[in-house]
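Examination of the molecular architecture
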Amino acid sequence: MNSVPDRERTESALASVGLHRPSELIYRTCYAPVDLAGLMETAENRSRIRRLSVPQLYFGLKELGEHQIQALLPHISETQWQGVLDLDLWNRDRANAGKFLFWAGQIIQAENPVARKIVRGTDRQLLELWLKRRIRIEEIVDDDPGPAPKGDFMETPDRSYLVQLPRNPEESRLARSLILKLYELGPEEIRLWIQESRYRTSIELEETAYQNRKRRIEDLGFQDYFDAVEVYAYPPPGTPLPEKSRDKLRAVGTLPAPVARMKAGPLLLFQALAAFARPHELEPLMEELFFVCNKILSADRTPPNRTSRVKRAIRKALSGINLGLEVWSEGDLNRARDGLRRHYLQSFFQQGYSRLAELRDRARKIRARDFLEPGSPLDDALAELARNYPLLLVEIRGKRRRRFLKNSSDLDRANRYLEAAAEA
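Predicted model only: the values in this text are computed from it and were never measured. (Residues numbered from 1 in each chain as written. Predicted model: local features only at pLDDT ≥ 70, side-chain atom pairs only at ≥ 80, totals over all residues. Heavy atoms only, no water.)

1. Focus on the packing of helix α16 (residues 279–299) against helix α19 (residues 345–368)
At a minimum axis separation of 9 Å, α16 and α19 run at an interaxial angle of 45°. What the angle tells us is that α16 and α19 run oblique. For the pair α16 and α19, the contacting residues are L285, E288, L289, V292, K295 and I296 in the first and L345, Q346 and F349 in the second. Of the residues in the contact of α16 with α19, the class split is six nonpolar, one polar and two charged. (Axes fitted to C-alpha atoms, helices over the stretch in contact; angles between N-to-C directions. Helix = DSSP H or I, 4+ residues; strand = E, 2+ residues; numbered from the N terminus. Parallel < 35°, antiparallel > 145°, perpendicular 65-115°, else oblique. Contact = heavy atoms within 4.5 Å. Nonpolar A, V, L, I, M, F, W, Y, C, P; charged D, E, K, R; others polar.)

2. Considering the pairing of strand β7 (residues 399–403)
On any regular strand, side chains alternate: one points to one face of the sheet, the next to the other face. Examined bridge by bridge, strand β6 (residues 392–396) and β7 share five bridges and lie antiparallel to one another. In the strand pairing of β7, V394 is matched with R401. The hairpin turn running from β6 into β7, its antiparallel successor, is two residues long, and R397 in that turn takes a positive phi close to 50°. (Pairing = 2+ DSSP bridges.)

3. Things to note about the pattern of salt bridges
This structure, assessed with the given rule, holds 33 salt bridges. Between R216 and D86 there is a salt bridge, and its shortest N-O distance comes to 2.7 Å. Taken together, the residues R216 in helix α13 (residues 202–219) and D86 in helix α7 (residues 78–88) connect sequence positions 130 residues apart. For R216, a relative accessible area of 13% translates into the label buried. Judged by its relative accessible area of 3%, D86 falls in the buried class. If you follow the salt bridges from partner to partner, you end up with R124, E128, E196, R200 and E204 in one network. (Salt bridge = Lys/Arg side-chain N within 4 Å of Asp/Glu carboxyl O. Buried < 20%, exposed > 50% of the residue type's maximum accessible area, 1.4 Å probe, protein only.)

4. Things to note about the packing of aromatic side chains
According to the stated counting rule, one finds 19 aromatic pairs in the structure shown. The interplanar angle of 75° and the centroid separation of 5.0 Å between the aromatic rings of Y58 and F59 together place this pair among those described as edge-to-face. Here the aromatic rings of F222 and F290 are separated by 6.0 Å at their centres, their planes lie at 80°, and the arrangement is edge-to-face. Here F222 is found in the loop between α13 and α14 (225–228), whereas its partner F290 is found in helix α16, with 68 residues between them in sequence. For F222, a relative accessible area of 3% corresponds to the buried category. Note on F290: relative accessible area 4%, which makes it buried. Aromatic ring contacts, followed pair by pair, group Y27, Y31, Y58, F59, F222 and F290 into a single cluster. Note that R301 overlies the ring of Y225, its terminal NZ or CZ placed 3.8 Å from the centroid. Above the face of the Y389 ring, K316 is positioned so that its terminal group lies 4.4 Å from the ring centre. (Phe/Tyr/Trp six-rings, centres within 6.5 Å; stacked < 30°, edge-to-face > 60°. Lys NZ or Arg CZ within 6 Å of the ring centre and 35° of its normal.)

5. Some details on the packing of helix α2 (residues 22–31) against helix α17 (residues 307–329)
At their nearest, the axes of α2 and α17 sit 9 Å apart, and the two run at 110° to each other. The angle between α2 and α17 places the two elements in the roughly perpendicular class. Residues P22, S23, E24, I26, Y27 and Y31 of α2 form the contact with α17, whose own contacting residues are T307, V310, K311, I314, R315 and L318. Looking at the contact of α2 with α17, its residues break down into seven nonpolar, two polar and three charged.

6. Details of unusual backbone geometry
In this structure, R159 takes a positive phi of about 55° despite not being glycine. Residue placement: R159 occurs in the loop between β4 (153–155) and β5 (161–164). For R159, a relative accessible area of 41% gives the class partly exposed.

7. Remarks on a positive patch on the surface
Residues R92, R301, R306, R309 and R312 make up a contiguous surface patch of positive charge. In this fold, R301 is placed in the loop between α16 and α17. (Patch = residues over 30% accessible without salt bridge, like charges linked within 9 Å, V, L, I, M, F, W, Y side chains within 5 Å. Areas by Shrake-Rupley, 256 points an atom, 1.4 Å probe, with all protein chains shown as cover. Lys, Arg positive; Asp, Glu negative; His and termini not counted. Charge placed at Lys NZ, Arg CZ, Asp CG, Glu CD.)

8. Description of the environment of L205
Locating L205 in the fold gives a position in helix α13. When the C-alpha atoms of L205 and L129 are compared, they prove to be 6.0 Å apart, with 76 residues separating the residues in sequence. Discounting residues that sit within four places of it in the chain, L205 has contacts with Q125, E128, L129, K132, S197 and R200.

Limitation: the analysis is restricted to geometry and does not speak to function.
Here you go:
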């Protein structure tokens, strides 16, 4: 069997050939392949921004400052803006009103033509939900505003409503400015939104917004949780892997430049990917990888707005796929290359996860006997293996750290832990 270096040698191996860590490389290839600040420097490049897929725009935009975002807004479409909100505002099925106000701040600062565009690209249910949750609105009847509410408040420019603003001074300032800006852009529309928010429930507004968002992010390659959990399903041992259909995976976006040829890294997966020199061979595999990573994001309920957790999901995907590929191919590089051509990356992830599930079940049975000393190195190692998604405890520079299992050597090390515990 061909050997694959352990994690202890991974970082030095990557550094010696000038590469990022594998997860960073995939993040830069599939999620944030463009430098938006660089595209903004010339008129020719600015015209390409509208052709970016929403994920590419979103993950690139997260690296910009507020002034850079303002300069970018004239060059994006309503659909792109809508996609940015879809990816950033939601945690599971809940919309974050505080984050909405941050993005609404971009409306306040924008010139009116640009502001109108991004308001059109904002779900009205999100605006109404924010009005419902963060401020209190009372209608003024017969020019009588009634008793003034406590705290900070304002009358709307048409003197139709009395608005009690949030207690937080900064949020109150932004809310006041946003209401005034919306009245400036379209008074009839904002009056309609206020009426809708007063007479519809928060649950109703949020559910409508969530269903709209769910449909759109599926078109972007981000599946709903109940569809994505299949990534953790695996067939019984010995079941042949499904063959790829001749139909290509639905494209999730067009990169601004062809995918560069992969360099062979320490993982068998990267060694096999390096064999695909032609873009038409490599790009479908990168789309597959993007698809598997997004399934893990959805199945683990990882919000896309948490870059560190997105990169962790990428590490999980790479480790699981590499583990399954190495086990299936028995470490043979030629067979691994053929496997990538014939079988889905998700199938290799499921193959790897099936081995991890076996380790997990054995670790839980051993720990149920309650004979290991709590806090001992062996008990800690089994506790990591007994997680829903097992991790391997390793010692690096005198410190114990946990990481994903990614190759046969890791399986062997985990099995040694289990055997030592069973004999204790």
